[in-house]
Structure formats: structure tokens, C-alpha cells
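Structural characterization, general
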Amino acid sequence: MQKNTESGAVNLSAPTNITLAKTLGPASIVFMGIGSLIGGGIFTLLGPAAGIAGPGLILSMILGSAVAFLNLQMYLALGTTFPEAGGGYLWVKKGLGNFQGFLAGWLSWFAHASACGVYALSFGFYGRELLHILNISSDNYPWLTSAKFIAFITVLIFGYINWKGAKVTAKASNITTVILLIILFLFLVFGFWKMSINPEPFKNFTPFLPSGLLGVIAAASFFYIAFEGSEIQVQAGEETKNPARDLKIGLITSWAVVSFVYLLLSFVVIGATPSGEGTLIGETLKSFGEGAIVKSAQAVLPFGKIAMLIAGVLANLAALNATIYSSSHVSFALARDKNIFSNISKIHAKNFTPYMAVAVSIVLIEIMILTLPLFDVASAASLLFIILFLQLNIAGIYIHFKWPNIKWVYKVPFFPITPILASLIYILLAFTMLKINATAWIVTFIWTLIGLVNYYAYSMAQSREKFENEIVYEEALRVGPKAGKRILLPIESSLNVEELKNLVEISFALASHFDGEIIIAKIHEVPQALPLLEGAKMDHDRQILDNIKDWAEEFNQKTPGLKKDINFHNLLMAGRDTVETILDIVKMEDCDILILNWEGYTHTKGTIFNYKIDQILREAKCDLLVVKNPRPIKSLLVVGNPAGTGAYAEKTGEIYKGLVAYFQPKTKLLGIIDSNIPSYFKPDYNPLLKSLKLKRKDFNEIEFARSKSIVSGVIENVKKDQADLLIIGATGTRFLKEIRFGDISELIAKHLDVPLMIVKGYESLPKAIWKKISDKILHPRTQQDSS
């Protein structure tokens, strides 16, 4: 049965890049960070955090600052190198893939919105207290003096400010932050003065750790929302005039200022706040709730209550403003990538702001303000940021090794130890949150479930639609249902007819063996300036695909019987990037094997798999066969490790059986042993056969050659045998090393100009780690020998 379909791309115009106006300088980034950090911590969570750790809160501040500094290194590297709205969401997507990227963005959006809800409710408390001083009581004005009502109205006002644009936002943030720092400076001066005249200045510091070290860690976990300023600041990267300079200055300066202020404030609040006889200072501050610093200021500073209420209002306004900004930018980035409703990514024609993203984020924030208590929202926000920062550091490690040629504007010191250490601490902080507030985990779980529904119902459908829009021509040959492997073969027009036919015949043989089907893809890389369809030259490509269809029909006639016939699918596609299009096909068509033609280390004009092949090796989530100089197969040579420890030996054996079943070549198995081994020693070929999952009868000949090195031994014997195809398995990759073929396979390929196939199986990271550990335990000696 044959089915032919032809369709044009839906979107034939060049894409419009949705970007934001560049209006921010280093001062704006600094004040944005200081305002969001200080408002998020001291004026909101100081009392509850002190109740958890007591005087050990000082150590919690040091721990939080240290972890934030470790995290800051990755933010500096990624933020200055990839300055885009979306921040951590985009970097996790780049490093860990679309699903993890979406999850990071989804959690980040809710984290920023939750943080904004915390600051709004805290602002409502401070605003209500100020109204009480002005004799505006709840008896006469019940709605006006409600903390939730004040918070609700304030979010609407600052939502409008963000709708107007980042320049207005930055100006408002800068003014409030300067006033705030002046008030806090006065509080510190009078606080230290009061402690200096106290005959027992350190009375409140005993016992120093009433809840032990666990209390210190728990307080740092709960208080960690106060260190999320880096994520807010990098959201402005796309609107920054000079990201390489401005983000570096802004991130480092704000972290240093805020860490120093946190440490001094926690010391003064613990030491200068009066506590009742027999009452621990932590219990006293906990009873004050979000007003802890106000009560402390009232005791040490002239007009302390009114001054600190004003400071609290300003601090929470600055933090609220910053988190509205950041939450809207995360949702904007999600919508721009069609992970949520794409209309949310609309840019205001006059203000150049993501006004729809601001509106949607405001709605989410207002819902939390009206429905959730402050303590639960704060706990959930801290947990969400901890998870986001954990994902970010892991993604940063992956990005470093997946794209080794990236020119980093800022290099992480002691990489990868720094992000690994940060990740381990974040895992500890996340589980510590269970001790503080299990509700935070429940809220995170529910929000994640909602995100998963959105991802599978909307985001994946949008990805499929985008993929199908790039298909210019499509044709299929169906001979029956197939349950086996799906093989993708991208082709390049630089191949001559004979080379192409030989490569296609290899893919047909494997598809027949695996009872699968073939996808032949011809891809045109079209520049951004051109519409996709205009850039695609279809006539010549259709002729190539017609030839391949004829070869498929000939193959099915040569191999009678439904079990050996193949299903065949032609795709002519236009894309902006050849590699990305190939990876999209692998993902969308759920391919099991990807076959690439490789012309080795030469740079032949028109060949696409010389400098881009490394990216495919790193990112393709399927088995990979790289074929060099394909020709008709009458003799076949397989090279394996005599110890039977080849990383992809079993996969190599599967491919070997498929080729032998169709081509019926003369076969030989070759192993290289150390020339220093005595000549009377008879090597055992059973370990090698066992690793390949093959038997002695599967080969016409088995030979163990002696050589001082594996590479030179293979090269000498291949030249001697003159086989039509040499098959070798890729070397297993080392942890945190660049992912390619491995040294041995690459050296053999580099020094041999003969038909060659390199086999590299796909393993997920957890599976690869488990396999590495089990091999070390079960085969310690062979592992050592093979290395």
C-alpha cells in the first residue's frame, strides 16, 4: 500500500523576533537587586527565622550568603554570556532539554509570583500599622485598614508601573532603595550604640544554638527567599545596555551589600532587642512576626517605630516591584517559546513591555494574596527558588560540556566543584524545608501537576505544530504495520549517487532486520532573512527523494515477505538550523537510530556533518551510527576489546547482525592485545563474543593481533585486510568530559581513509552512572585493564 501526501509550510514568512527595549544600566541592576533582597528578608521573615534558629540566625545569614555566592558564580557566567529575558528558565532548557526547561520556567514563574505575594502581604501589614499611627482605625475604615486590601491595591498600582516600562520601574526602585538604606544605616548605628552601653551586651546570644545546627540550616532554608535577587536581576539581561559589564557589576555589588547588611542587622536585632526575663530572644522575635524589626527599632532608635514602618513600606514596595517585573518576564519567555498561551508574549507597541505577561502575572499574584497565609506562601517561595537554583547549577555544568566552544564572558572559579557544591547544599536545604513547613512541598507538588497538564496538553502540541510547519514536502511508502526501530537518515546533496545509494542500502538493511521503518530527511538550512519556503530548493531534492523511493521498492522486491519489507517515509524540510531540525525530527518522530554520513576531519564544501556533528552527538537522544565512505559490503571487519568491556559492544553486535543478514559478507572479528604478552599465551575470545552477544559461528574468522597500542594495531590490520566496512564501538565517555566518540575511535577514524562505521548507543545520565558503578563493582580488574 502506498500513500503520497504533499503539503506546504503554514508559516511562509520570516519569523518576527520579539525583543525588549535596552534601557537599564549598572546602577539600575544594583538597586534592583538590593531592593528585592532586603525587602524580601529583614522586613518580612526576620521574626519567624529567628524563632527557628535563635541567635544562630547569624550563622544562618552567613550560610545563606555563602550559598548565594556559590550560586552567583553560575548566574554571572550564564547571565553575561546569554542575556535574555527568562533567566534560569532558558538556561535550564538549554542545558537539560525542553521538559526540564519548561519545569524550571513554570516553577520560577510561581516562585516569583509567590515572593511578590509575600511582599505584598508584608506591605499590607506595614501600611496598616502606619494608618493606625495616623488614627485611621479598622473601626471606621474596615476595608481601608485590611492588610489584604492594601496588598491587593498596591499590586495593581505596581502592575501598572511595570506595564509602563522598565525605565519607570527602575527609577521608582532606585529612589525607594536609597531611602531604605539610609534608615537601616541609622538603625545599625543606634543599635550598636545601645549594645555598647549595655552592661551585658551579649546576654541575648546565650544559648547561641537553642535548636542546634539543624535550626541554623532550617532558618537558612526558610529565609532563602531573601537571596533570590540574582534571578530577578538576570531577568533584565535583555533590557540591559551592556550585559557583560552591567550584570557583573550589579550582581556582585548587590550581593556584597546585602550580605553585609543582613549580617549586621541580624546581629543588632538579636543583641539590642529587649527580651523578657527567662524568655529566649528567638521566642520574643518570633512573637513579633513580620514586625520584629519594628519592635527592635522602637527600642533602640528615636522615632524608631515610625522610621522602621516607613522603611518596611519602602522595602516591601521595592521587592514587590522587582518580583512583578521578574514574574512577568518569566511568563513572557514561556509564552514566547509557546510553552504557555503564546498571546501572553505580546509586546506593547508604545512601551515595548510584555503587557500581557504583566497582566497574567498580576492575576496570579492577586489570587495568592486573597487565598493563602503569608507563612505558607513564604515557605513555598523559598522552596521553589531552591529547586530552581539546583536545576540551574546542574544545567550550567551540562552547558559547559555540551558546548565546549562557547566563549564565556565570566568563568566560574574552580569549575565544576563550585556548582556541584552549590547543588549538594540546595538538596540539603530543600529536604530541611520538610521540618519547617510541609505545606510548601504540597503547594509545589500541586503547581507542578498543573504545569505537567499544560505541558502535555498545550506545549507539546505547539512543538509538533512548529515542526510540521517546517515540512515542505512529504511522501510515504507503507507495506504494513511495524513494531520495530525507527531509523532516521538525514542526507546531504554533496554525496554522489553511488555513495548515497550505499548509505541508503545500509539503512534499509537495518530497518529490515529490526522490523522497523526508515525516515529519509533532506534539510535546507534557510537564513533568518528569508522565508522558509522561499529558501527551499525543491525540484532537485524531490528527484533525490524519488530515487530513494525507487531503491526502497527494489529492496522490498529483493527481500520478499512482509517481515523483511520496510516502511519508508520521505521528508523535505526547511529549517533555520540543520542540527536543530535533525534533533527535532529525532524527538517528534521518536527515532531509535540516527545514521549520519561523515567525511571525517576534512572540510569538504557542502558537507554539513564535519563541524556540527559534535552537537548531534551530545544532544541526540537515540543510538547513533556514523558512516564514513560507504561502499557495497562484501567483507566486514569488527574490532572489539578482548576483555569484553566495550561501552557499546552489545549495540555493535546488534548492528553487525543486521548488516550480515542482508549483505551476507565475509566476516572477521579482530582484537588487539599487548605485544608484551608472551607468544605462548592463547587469548580467550569468549569474553569479547559475550560482550557482543554473538557466537563463534557468527564470524568466518577471529584474530587477536599483537601491538604496542590499540590504534596502531587496528590501523595495521585494517590496511592488511582491506575490508569493505570496519565497525567499531565508540569509547565510553567519562563523567563531565566532552561527549564525542572517545579517543580510540576518533584516532582510528582520523588515520584511516577506509569505509568505517562508529556505533554509539544512547544512555540517559542515571542509567549511564548506574552502569559505570556496577561495572566498577562487578569487573574491577577488566575496567582497569581496558583503561
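Preceding this paragraph is the structure being described.
The following paragraphs examine the structure supplied in this document. In every chain, residue numbers begin from 1 and rise along the written sequence. Reporting in this predicted model follows two pLDDT cut-offs: at least 70 for local features of residues, and 80 or more for side-chain atom pairs to be given and counted; totals over whole chains, interfaces and linings ignore these cut-offs and use all residues. Only heavy atoms go into the side-chain values, all of them from the structure, while hydrogens and water stay out.

1. Quick notes on the packing of aromatic side chains
- Classification of ring pairs rests on two measures: the distance between centres of Phe, Tyr or Trp rings, Trp counted by its six-membered ring, which must be within 6.5 Å, and the angle between planes, read as stacked under 30 degrees, edge-to-face over 60 and tilted in between. In this structure the tally under the stated criterion is 29 aromatic pairs.
- Aromatic pair Phe 125 and Tyr 126: ring centres 5.2 Å apart, planes at 85 degrees, arrangement edge-to-face. One exposure class covers both Phe 125 and Tyr 126, and it is buried.
- Ring centres of Tyr 224 and Phe 389 lie 6.0 Å apart, and the angle between their planes is 75 degrees; this geometry places the pair in the edge-to-face category. On the criterion of sequence distance, the pair formed by Tyr 224 in the loop between α8 (212-222) and α9 (229-234) and Phe 389 in helix α15 (residues 374-402) is long-range, its members being 165 residues apart.
- According to the relative accessible area criterion, Tyr 224 is buried, its value standing at 0%.
- A simple rule labels every residue: compare its accessible area, found with a 1.4 Å probe on the protein chains alone, to the largest value its type can have, and call it buried under 20%, exposed over 50%, or partly exposed in between. Of the residues examined, Phe 389 reaches a relative accessible area of 0% and is grouped as buried. Segments assigned H or I by DSSP are reported as helices when at least four residues long, segments assigned E as strands when at least two residues long, and all are numbered from the N terminus.

2. Some thoughts on unusual backbone geometry
- Pro 207 follows Thr 206 through a cis peptide bond whose omega is -5 degrees.
- Considering the arrangement of structural elements, one finds Pro 207 in the loop between α7 (166-197) and α8.
- In this chain, Phe 415 is followed by Pro 416 through a cis amide linkage whose omega measures 5 degrees.
- Its place among the elements puts Pro 416 in the loop between α15 and α16 (417-436).

3. Considerations on the pairing of strand β3 (residues 486-491)
- In terms of burial, β3 is a largely internal element, 5 of the 6 residues being buried.
- Judged from the 2 bridges that link them, β3 and strand β6 (residues 593-597) form a sheet pairing that is parallel. Bridge pairing in β6 links Leu 488 to Leu 594. If DSSP finds at least two bridges between two strands, the strands pair.

4. Considerations on the packing of α15 against α16
- Only the contacting stretch of a helix is used when fitting its axis, a line to C-alpha atoms as for every element, and angles between N-to-C directions run 0 to 180 degrees. Viewed as axis vectors pointing N to C, α15 and α16 meet at an angle of 160 degrees, and their least axial separation amounts to 9 Å. Classified by the angle their axes make, α15 and α16 are roughly antiparallel. Here α15 runs over α16; the crossing is left-handed. Two secondary-structure elements touch here, α15 through Phe 375, Ser 379, Ser 382, Leu 383, Ile 386, Phe 389, Leu 390, Asn 393, Ile 394 and Ile 397 and α16 through Pro 419, Ile 420, Ala 422, Ser 423, Tyr 426, Ile 427, Leu 429, Ala 430, Met 433 and Ile 436.
- We call Asp, Glu, Lys and Arg charged. Ala, Val, Leu, Ile, Met, Phe, Trp, Tyr, Cys and Pro are nonpolar, and the rest, Gly among them, are polar. Residue composition of the contact of α15 with α16, by class: 16 nonpolar, 4 polar and no charged. Should an angle lie under 35 degrees it is considered roughly parallel, over 145 roughly antiparallel, and from 65 to 115 roughly perpendicular; all remaining angles are considered oblique. If you view the pair so one helix is near and one far, a crossing is left-handed when the near helix is turned anticlockwise from the far one by less than a right angle, and right-handed when it is turned clockwise. Contacts are residue-level and defined by heavy atoms, with any inter-residue pair within 4.5 Å sufficient.

5. Here's the deal with the pattern of salt bridges
- Throughout this description, the term salt bridge denotes a Lys or Arg side-chain nitrogen within 4 Å of a carboxyl oxygen of Asp or Glu. All chains considered together, the criterion is met by 10 salt bridges.
- The residue Glu 654 makes a salt bridge to Lys 651 at a minimum N-O spacing of 3.7 Å. Taken together, the residues Glu 654 and Lys 651, both in helix α23 (residues 649-663) and 3 residues apart, mark about one turn of the helix.
- Given a relative accessible area of 22%, Glu 654 falls into the partly exposed group.
- In this structure, the salt-bridge partner of Lys 720 is Glu 703, at a minimum N-O distance of 3.5 Å.

6. Examining the nonpolar core
- Formed by 147 residues in total, the largest nonpolar core has its most connected members in Phe 43, Tyr 262, Ile 293 and Met 308.
- In terms of residue count, the dominant contributor to this core is helix α5 (residues 98-133) (20 residues).
- Membership of the second largest hydrophobic core comes to 50 residues, among which are Ile 506, Ala 552, Leu 725 and Val 759. Side-chain atoms within 4.5 Å link the members of a nonpolar core, which is a set of buried Ala, Val, Leu, Ile, Met, Phe, Trp, Tyr and Cys residues.

7. Quick notes on the side chain of Ser 423
- Residue position: Ser 423 is located in helix α16.
- Between N or O atoms, a polar contact is any pair within 3.5 Å; within protein, one atom must be a potential hydrogen donor and the other a potential acceptor, and residues adjacent in sequence are included only when both atoms are from side chains. At 2.8 Å, the side chain of Ser 423 forms a polar contact with the backbone oxygen of Pro 419.
- Contact partners of Ser 423, with chain neighbours within four places excluded, come to Leu 390, Asn 393 and Ile 394.

8. A short note on helix α6 (residues 147-164)
- Given a helix with a known number of residues, its expected span is that number minus one, times 1.5 Å. Across its 18 residues, α6 extends 26 Å between first and last C-alpha, which sits within 8% of the 26 Å expected from 1.5 Å per residue.
- Looking only at α6, the buried set comprises Ala 147, Ile 150, Ala 151, Thr 154, Val 155, Phe 158, Gly 159, Ile 161 and Asn 162.

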